[in-house]
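A closer look at the structure
Listed below are the residues making up each chain.
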Amino acid sequence: MRTLRAGIEDFGRMLFFATETVAWALRPPARLELILAQMAFIGAGSAFIVGVTGTFAGMVFGLQMNFAMKQFAAEGYVGGSTAFALSRELSPVFTALMVTGRAGSAIATELGTMRVTEQIDAMETMAVSPIQYLVVPRVIASILMFPALTMLFNALGFAGAYVMGVYVAGIPEGPFIAHTREIVGPDDIFHGLWKAVIFGAIVSLITTWRGYSASGGARGVGEGTTRAVVSSSIAILVADYAATVLFVGT
Amino acid sequence: MAAIEVTDLWKSFGDNHVLQGVSLTVPDGQTYVVLGGSGSGKTVLMKHVIGLLKPDRGRVVVGGKEISALEGKALTEARQQFGMVFQGAALFDSMNVFDNVAFPLRERRRGQKLSREEVRARVVEKLAVVDLGEEVLPRWPAELSGGMRKRVALARALVSDPQVVLYDEPTTGLDPITTNYVDEMIQHAKERLGITSMVISHDIASAFRVADRMAVLYDGRLAAEGTPAEVRDSKDPFVQRFLSTWFQKQ
């Protein structure tokens, strides 16, 4: 019972933190240089891991779809079905999970260390809002870069499926591309990108909150980082279901 | 004239009555030390002075402004008259020495657009006050000794010309030679810049070296208050016991 109450209290404080973040995001000054630095860290810094994950996910999915479609002599649909799955589900979810592991954990650790070494208190006593200086740039950068990384995942994932389907499995290129165009449209791409925006907001708010509210020295920072990654990963999957129901219906 | 006036300050956290009617006056341009053991309420008192906590009763006036009654932007503006040196220095470890010291200058004076040369000149000037040369500018906090970190922290606290500097346990964890150096640094800041200082400490030797006036806080109340000589001659049993731990060694 006590754990449940503590959990609800913590969630309430996080919601208040999120509200404060939105309020500070709307106030000047706009810290463009900090947003760009975070975009470089979260976006460019995660491009390699997202690219590798996307390429292999597309290759594996292409091979598996080829195996399944062969049963119905419908190998020409491998490209379309893979692209459909990538654009709506695999790319936004995999990207969010990978970025949580790489950048989300780093954000929680960095802010947690700043909290326990009084760097955040110091900022406050210098009349600078730590939420505006530290949190807002990370949230904005995540909201912008998660969709960009999702597009990278889409592109490399489809390229991986193309290589496996056309060059390894020997599916003719014509039907592979033609059926992809039939099955996947801009709506499917945007469906995934909107999810990426939502995941970016959720992951950045959870990881910054876990760091910002860390206490108790190195152990507290470690616990905060672990909770940040676990909570973000679960939140991504729950939000994915909610967004799918919202966008598609049941 | 009083730089800081604390009047009948009360603060409780649940059943823990941390401050119970504390009143003290810090004269302009003097160094005032609040001595006390762990859990005596020193840090809570200091957090009231800088407006990080609101009292249950009583008031805090700094430079003619009632800090305890201010909120939001007014409080942020009032905090600009402070500089603060944290126990662990609280330097931003993602910035080099130059950026650390320049931080309050750039942030507080965003509207005034100081040129790069002006910022650099101010940073070098304040580092000189704490006997550090330009060679430390590109160094990172992790590359500095404990004493140097404290000195850089003081330069950062001084850079925007505050009227009051607060020191939180400035000598904790330092060796005797570095402790002496930090004491000299506090005195230099007072003598060279005419700054009012409030020092929170449990280091009796250091307190008697730097204080113009001092108070001993015990169990949320002032057990003694006055010049160092007056406090040393106090008949209060706790003060006698507390001070004897050091004076008996002499």
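The notes below deal with the structure included here. Keep in mind it's a predicted model, so treat the numbers as computed, not measured.

1. Looking at the overall build of chain A
- In terms of regular secondary structure, chain A is built from 8 helices and 0 strands.
- Helices and strands appear in chain A in the N-to-C order α-α-α-α-α-α-α-α.
- A principal-axis box enclosing the C-alpha atoms of chain A has dimensions of 70 × 45 × 30 Å.
- By the burial criterion, 47% of the 250 residues in chain A qualify as buried.
- Long-range contacts, defined here as pairs at least 24 residues apart, represent 89% of the contacts in chain A between residues at least 6 apart.

2. Some details on the overall build of chain B
- Counting its secondary structure elements, chain B contains 9 helices and 10 strands.
- A compact globule built from 250 residues should have a C-alpha radius of gyration of about 18 Å, and chain B, at 18 Å, falls within 12% of that.
- Dimensions along the principal axes, computed over C-alpha positions, put chain B at roughly 55 × 45 × 35 Å.
- Buried residues in chain B amount to 43% of all 250 residues.

3. Observations regarding the interface of chain B and chain A
- Contact with chain B, which involves 15 residues of that partner, is made by 10 residues of chain A.
- Mapped by element, the contributors of at least two residues to the side of chain B that touches chain A are strand E6 (82–85) and helix H3 (97–108) of chain B.
- Counting residues per element, the side of chain B that touches chain A draws most heavily on H3 of chain B, at 4 residues.
- Along the lines of polarity and charge, the residues of the side of chain B that touches chain A split into 8 nonpolar, 3 polar and 4 charged.

4. A closer look at the packing of helix H7 (residues 186–212) of chain A against helix H8 (residues 217–248) of chain A
Residues and elements named next belong to chain A.
- Relative to each other, H7 and H8 sit at 155°, their axes nearing to 9 Å. By the criterion of interaxial angle, the relationship of H7 to H8 is roughly antiparallel. Note that H7 runs across H8; the crossing there is right-handed. When H7 is examined against H8, the residues His-191, Lys-195, Ile-198, Phe-199, Ile-202, Val-203, Ile-206, Thr-207, Arg-210 and Gly-211 are found in contact with a partner set consisting of Gly-224, Thr-225, Arg-227, Ala-228, Ser-231, Ser-232, Ala-235, Ile-236, Ala-239, Asp-240, Ala-243 and Phe-247.

Rules and cut-offs
- Residues numbered from 1 in each chain as written.
- Chains lettered and ligands numbered in written order.
- Predicted model: local features only at pLDDT ≥ 70, side-chain atom pairs only at ≥ 80, totals over all residues.
- Helix = DSSP H or I, 4+ residues; strand = E, 2+ residues; numbered from the N terminus.
- Buried ≥ 20, exposed ≤ 12 C-beta atoms within 10 Å, placed from the backbone.
- Contact = placed C-beta atoms within 7 Å.
- Rg over C-alpha atoms; globule rule 2.2 N^0.38 Å.
- Nonpolar A, V, L, I, M, F, W, Y, C, P; charged D, E, K, R; others polar.
- Axes fitted to C-alpha atoms, helices over the stretch in contact; angles between N-to-C directions.
- Parallel < 35°, antiparallel > 145°, perpendicular 65-115°, else oblique.
- Left-handed = near helix turned anticlockwise from the far one by under 90°.

By themselves, these figures tell us nothing about what the structure is for.
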